[in-house]
Amino acid sequence: MGTIVLNQVRKSFGGHEVIKGADIRIEDGQFAVFVGPSGCGKSTLLRMIAGLEDISGGEFLLDGKVMNDVSPEQRNIAMVFQSYALYPHMTVAENIGFSLDLKKTPKAEIKRRVGEIAERLQLTPYLNRKPSALSGGQRQRVAIGRAIIKEPSVILFDEPLSNLDAALRVQMRAELQELHRSTGATIIYVTHDQVEAMTLADQIVVLKDGQVMQTNDPIGLYKEPENTFVAQFIGSPKMNLFPAKVESVAGDVVRIRTDAGWPIDLPAIEGLRAGPVQLGIRPESLTLAAPHEPAEIETRTVLSERLGMETYISFETGGEPGIARVPGDHSLPSGTPIRLAVDPSACHIFDNDGRAIRSQSA
Amino acid sequence: MKTKLMVSAIALASFGATNVWADTVRIAEHRQARIDALNAVVPMIEEQTGIDIEVIEYPGPDKEYISKLLTELRAGTGPDVFSLPSSGEIVDFSTAGYLVDVTAEVKGSDAWDNMFPIARELAETDGVIYTMPTMLAMQQFYFRNDVLTEAGVSTDQPADWDALINRAIEAKEKTGEYSLLMPMGVTWGGGTYIESFRLLLANSSTPELVTENGTFNLTSDGVREVFEFYQKMIEAEVVPVDPLLGPDPWVIPKYEMFPAGELLMTTCGSWCYIFDWGPESKNPIPDIENAVGTWKVPNVNGDAPSVLVNLNHPWMVSSSAVDIEASKKVLAAMGSIELMTSYAQKSGNLPSRADAIESDGFQQLTALVPLLDQLEDGRSVATAPGFSTVMEGIGRGSEALLLGNADAAGAQQILVDYVSNILGEDMVE
Amino acid sequence: MLVLPSAILLFAFVLYPSGVAIYTSMTNLSLTGPAALNPRFIGFDNYTKLFSDHTFWRSLVITFWFVLFSAIIGQLVLGLLSAILLKRQFALRPFFNAIILMPNAVPGVVAALMWSSMLASGEYGTLNKIVAWFGVDPQRWLVTFPLSMIIVVNIWRGIGFAMILMNSGLSAISEELYEAARMDGATTWQAFRKITLPLLVPTIFLYLLVSTVTTIAIFALIYALTRGGPAGATEIVGIYIYNQSFGSYQLGYGSAIAVVLLIFSLIIGTFYVRALKVEV
């Protein structure tokens, strides 16, 4: 069992508040990812769950029990550190078996269980090596082995893949998912990389400046960001935000005109009144229009990045350039006039404070 | 041709260098009082000899002074003219080749003709003279006349050693203060022999240490008697043992306890009247001529008592002196009445020249003048090469007594073992 | 060619003096007397004498206790303890730091002078004044417990150095290791024994190498406090060499002891260096 609930959890260092009342619920067996830019408090939150940092205010419950003052080793939580924190003077076997050794588990029992874990993590040939003689991926697996030998109900990962190269990361992601499946433990995983978050998580918690911006599953976050921060943080390239005005609401159609003068008609949204808004369009919701097709946006290119199977086109907006991600290869020198069609159903409207405005039914 | 040129160039250069140095003779001196005494007469010696003199300061404690001198002499550097604390060390220096034979210069000086016979006797070994005697150290017992009289303890000359120890015990009983100090132990350095052991040995049943063939008779009755006397002092608790085991053993008993009346009798030299407790002291005893009296050293069997006389800091010329002739000239000039008077004033020793007594300077030293009469009873103990080792061995033997690690026989054994170990069995009788 | 300057320095300051010492040790050279003027070559006589010289063996034993208790046990344990305690932040930390480091900055002779007034016998001694408060009679500290006192003074002097070294060793251990150990269920003591100590081993060996060799060579501190006495109770080998060479003036014999001491130091040094390589 490993259901985690954070109730208005706060953390201050000196007078400085770094976690400003976080409410989070993670169901047993979920793979949850804390994501956010550096300094958002995600690692601090993780360390509070681990018990390595005191909780300044609020409650942390594990399976309904308040854990605020329970010491780390009694929480039945394991943690994999960013730099792995392997004990450099111990062999792989000793590293993995350390927690059992501390509990005075019989030597034979330790050996058996370490053997099992090593088998699972393909570490058997390295059991007698010291960490300094291992590759990055192997060290990572030792750190994981050290965590799962305790059979914890919750495993915490603090940016575990940041020290690995790109190819290895993809492989380790798969291994982590397999690990999640086979242990059934609740996993909380901290990263600043939204791709990692999207590919791994059952549930993503987006954090900014010590506050939870939004909690949802990956596709929910992508489709229905609750604010401009989440909207721009999730997805790559990031969502375009155009300053705009609601020009008219006529029946089922709302006409919005961007400050650059482009008129865009959207399905009516409850509660939307005339006035300034921000129009959010993901780059992949823009398409290049053929000369005979209708198009909302007429502009010129600033730059085009050709990736072969698709092209990222930066275009003039009067302010910060917009970006469109279109399929196929297009050679468009800087200053080429282009026309872009908008998918009205994929547009997001935010008020001037950055909060999403959308129909209750949606 | 080239070689010849080089050689003459070097010769010229060294000749030049010698000339530069020739006008300066460096004299080693230590302890502020002695340096002051020397500085007072340096201009006079320079005028007399036409040679510049540089006084170089050396470390204060005798042991460190000698160590530094030896290290420098060994390396062929060091001062041109220097002194040694007592005649005990001279023979070890001359046999090591550190000293220049100055027989002609000393005998040719007018100082020699006016010297007390005992000074001449001490300066000359087998017809050779290495030193210009300047001062004589006269050692005996000094006691607090005022304190003993008030306590009703006799101040008469003790007849023998038993009388002396009984007097000390009586004084301790009546006053509650430590009553008798004689230097013992290793840390007092040469003083353990010169200011203590020697005094008793010269008045023991066998008053010499050196045999006719130059070996040391350390198993003699006299040596045993001295250690036995020490043992009695320690057992009777008349001697303050603690300070004697510290690194500067003389400081507390001599400069603090004796002036305060917390120590009643001690061996000392004439300088105590000037330097330790007199006008040159930091802690002077008021009315010292009446407050402090002297006893000669009694004889073990009650024979005539005596005082111990020794050459004090006689001057000598280093064999590695830059200009030996100039140094000899300076040495000859250092036998002057003025120099002896200056040292008498500052350090309280007695001039070795009889005619120095008549000088106004010496006559002002009222505490010293009466002591001169006792010079007739002066005795000394002969020394031989290796004597420094014997002195160190005596320090070790007496230290064992102080610590209660050995009795008199044990202390004597330590002395014998130490000397045989260092000098070889054949040097010990 | 590149090694020439260091080769010259090595020769001038290490090999040549060692050679002179070894040669001197095979003569009866003395500072005084006839053997100063004409020293004789006597082969290994000094060494055979040395092996039956019980004072020499006693001084080796004293040196062993002195090094063991002052450097290896006292300074190391207390230095490590202070390094651990002073790693935490607290109000008086700079003050304690200074107190521990100060003795290290004091020259040996000055430290000895301070302590000789501290440990003086009789009621004048500072320590005696202090213990009098607790109703203890005045003690003859440097006479009754000479070696222990010298050890205490040397510990007092050396904690700072040990602390600095241990401190650098400790700060090389990542804080994450302790967090990992906490997560693994280690108590503070278990973390110290299973993480801190094993990871400090190289630092500890380095410290032992330096401190053993320097402690054997200590001179000024002991000479100024006791001159090796009373009755040789504090005569560590360095003092014995001095006493033989400059107290008894036996330079040849003193050199022989010095050569033996040099060999001992080399053996100890090699042992530590080997141990250092094996570990981690």
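This one's a predicted model, so the numbers in the text were calculated from it and none came from an experiment.

The next subject is the interface of chain C and chain A. If you look at the interface, chain C gives 15 residues, while chain A gives 25 residues. Between chain C and chain A, the buried area comes to about 1800 Å², and carbon and sulfur atoms account for 59% of it. Applying the counting criterion to the chain C and chain A interface returns 3 salt bridges. As a salt-bridge pair, Lys 150 of chain A and Asp 184 of chain C come within 3.5 Å of each other at their nearest N and O atoms. Taken together, the links from chain C to chain A amount to 11 residue pairs in polar contact (both at pLDDT 80 or more). Among the secondary structure elements, those contributing two or more residues to the side of chain C that touches chain A are helix 10 (175-183) and helix 11 (188-216) of chain C. Of the residues in the side of chain C that touches chain A, the class split is 8 nonpolar, 2 polar and 5 charged.

Here the focus is the packing of helix 4 (residues 54-85) of chain C against helix 9 (residues 146-171) of chain C. Residue and element names in this part refer to chain C. With their axes 6 Å apart at the nearest point, helix 4 and helix 9 run at an angle of 45° to one another. As far as their axial angle goes, helix 9 and helix 4 are oblique. Helix-helix and strand crossings are classified by hand; for helix 4 and helix 9 the assignment is right-handed. Tallied by class, residues from the contact of helix 4 with helix 9 come to 18 nonpolar, 8 polar and no charged.

Structurally, a disulfide amounts to a covalent bond that connects the sulfur atoms of two cysteines. Under the definition given, this model contains 1 disulfide over all chains. Here Cys 268 of chain B pairs with Cys 272 of chain B through a disulfide, and the sulfurs are 1.4 Å apart.

A word on unusual backbone geometry. Backbone torsion omega between Ser 236 of chain A and Pro 237 of chain A reads -5°, so that peptide bond is classified as cis. The residue Pro 237 of chain A is located in the loop between helix 8 (228-233) and strand 11 (240-250) in this model. Backbone geometry at Glu 151 of chain A places phi at a positive 45°, although glycine is not the residue there. When you line up the elements, Glu 151 of chain A lands in the loop between helix 4 (136-148) and strand 7 (154-158). In this structure, Asp 287 of chain B is a non-glycine residue whose phi angle is positive, near 55°. Within the secondary structure, Asp 287 of chain B is located in the loop between strand 9 (263-269) and helix 14 (288-291). For Asp 287 of chain B, a relative accessible area of 53% gives the class exposed.

The next thing to look at is the sheet that holds strand 20 (residues 347-350) of chain A. All names here are of chain A. Strand order in this open sheet of 6 strands is 13-12-11-14-20-21, and the pairing throughout is antiparallel. Because the sheet does not close on itself, it has two edges, and the strands there are strand 13 (263-267) and strand 21 (356-357). Sheet topology note: the strand 20/strand 21 ladder contains 2 bridges and is antiparallel. Bridging from a neighbouring strand, Ile 349 pairs with Ile 357 of strand 21.

All names here are of chain B. Enumeration according to the criterion identifies 37 salt bridges over all chains in this entry. Here Arg 144 and Asp 146 are joined by a salt bridge, their closest N and O atoms 3.0 Å apart. The closest approach of N and O atoms between Lys 328 and Glu 325, which form a salt bridge, is 3.9 Å. Of this pair, Lys 328 and Glu 325 are both found in helix 15 (residues 324-333), 3 residues apart, which corresponds to roughly one turn of the helix. According to the relative accessible area criterion, Glu 325 is exposed, its value standing at 53%.

Below, the discussion takes up the domain arrangement of chain B. Residue and element names in this part refer to chain B. The domain boundaries assigned to chain B delineate domain 1 (9-133 + 312-377) and domain 2 (138-307 + 383-427). Taking only C-alpha atoms, the centre of domain 1 and the centre of domain 2 are 28 Å apart. Taken together, the contact pairs 24 residues of domain 1 with 25 residues of domain 2. The contact between domain 1 and domain 2 buries some 2000 Å² in all, and 61% of this surface belongs to carbon and sulfur atoms. Taken as a group, Asp 92, Gln 374 and Asp 377 account for 24% of the area that domain 1 buries against domain 2, more than any other trio of residues on that side. Inspection of the region where domain 1 meets domain 2 yields 0 salt bridges. Summed over the shared surface of domain 1 and domain 2, the number is 6 residue pairs in polar contact (both at pLDDT 80 or more). For the side of domain 1 that touches domain 2, the secondary structure elements donating two or more residues are helix 4 (90-95) and helix 16 (337-347).

What follows deals with the sheet that holds strand 4 (residues 57-62) of chain A. Residues and elements named next belong to chain A. The strand order across the open sheet built from 4 strands is 2-1-4-5, with neighbouring strands paired in antiparallel fashion. Of all the strands in the sheet, just strand 2 (16-26) and strand 5 (65-66) have a single pairing partner and so form its edges. Where strand 4 meets strand 5, 2 bridges bridge the pair, whose relative direction is antiparallel. When the bridges of strand 5 are listed, Leu 62 appears paired with Lys 65.

Moving on, we get to the interface of chain B and chain C. The interface is formed by 31 residues belonging to chain B together with 33 residues belonging to chain C. Buried area between chain B and chain C, summed over both chains or domains, comes out near 2500 Å², and the portion from carbon and sulfur atoms is 54%. There are 0 salt bridges connecting chain B and chain C. There are 4 residue pairs in polar contact (both at pLDDT 80 or more) connecting chain B and chain C. Those elements giving two or more residues to the side of chain B that touches chain C turn out to be helix 3 (62-74), helix 4, helix 12 (241-244), helix 18 (387-403) and helix 19 (408-423) of chain B. Its residues assigned to classes, the side of chain B that touches chain C comprises 12 nonpolar, 9 polar and 10 charged.

What follows concerns helix 2 (residues 32-49) of chain B. Residues and elements named next belong to chain B. Compared with the 26 Å implied by 1.5 Å per residue over 18 residues, the 25 Å span of helix 2 between its first and last C-alpha is a close match. At Val 41, helix 2 shows its maximal kink, close to 40°; a proline, Pro 43, follows between one and four residues later. Buried residues of helix 2: Ala 33, Arg 34, Ile 35, Ala 37, Leu 38, Val 41, Val 42, Ile 45 and Thr 49, and no others. Looking one or two residues beyond helix 2, the residue adopting positive phi is Gly 50, at roughly 70°.

We now examine empty space enclosed by the protein. Summed over all chains, the structure comprises 1 cavity of 30 Å³ or more. One number sums up the size of the largest cavity: a volume of about 40 Å³. Forming the boundary of the largest cavity are Ala 78, Met 79, Phe 81, Ala 143, Arg 146, Ala 147 and Lys 150 of chain A together with Ala 180, Met 183 and Asp 184 of chain C. Elements represented by at least two residues in the lining of the largest cavity include exactly strand 6 (77-80) and helix 4 of chain A together with helix 10 of chain C. Its residues assigned to classes, the lining of the largest cavity shows 7 nonpolar, no polar and 3 charged.

What counts, and where the lines are drawn
Residues numbered from 1 in each chain as written. Chains lettered and ligands numbered in written order. Predicted model: local features only at pLDDT ≥ 70, side-chain atom pairs only at ≥ 80, totals over all residues. Heavy atoms only, no water. Contact = heavy atoms within 4.5 Å. Buried area = accessible area lost by both parts, 1.4 Å probe. Salt bridge = Lys/Arg side-chain N within 4 Å of Asp/Glu carboxyl O. Polar contact = N/O pair within 3.5 Å; in protein donor to acceptor, adjacent residues only side chain to side chain. Helix = DSSP H or I, 4+ residues; strand = E, 2+ residues; numbered from the N terminus. Nonpolar A, V, L, I, M, F, W, Y, C, P; charged D, E, K, R; others polar. Axes fitted to C-alpha atoms, helices over the stretch in contact; angles between N-to-C directions. Parallel < 35°, antiparallel > 145°, perpendicular 65-115°, else oblique. Left-handed = near helix turned anticlockwise from the far one by under 90°. Disulfide = S-S within 2.5 Å. Buried < 20%, exposed > 50% of the residue type's maximum accessible area, 1.4 Å probe, protein only. Pairing = 2+ DSSP bridges. Domains from an automatic or database assignment. Expected span 1.5 Å × (residues − 1). Bend = angle between axes of the 7 residues up to and from the residue. 1 Å grid on protein atoms, 1.4 Å probe; cavity = no way out; pocket = protein on both sides within 12 Å on 5 of 7 lines; lining within 4 Å. Points joined across faces, edges and corners; volume = space filled by probe spheres on them.

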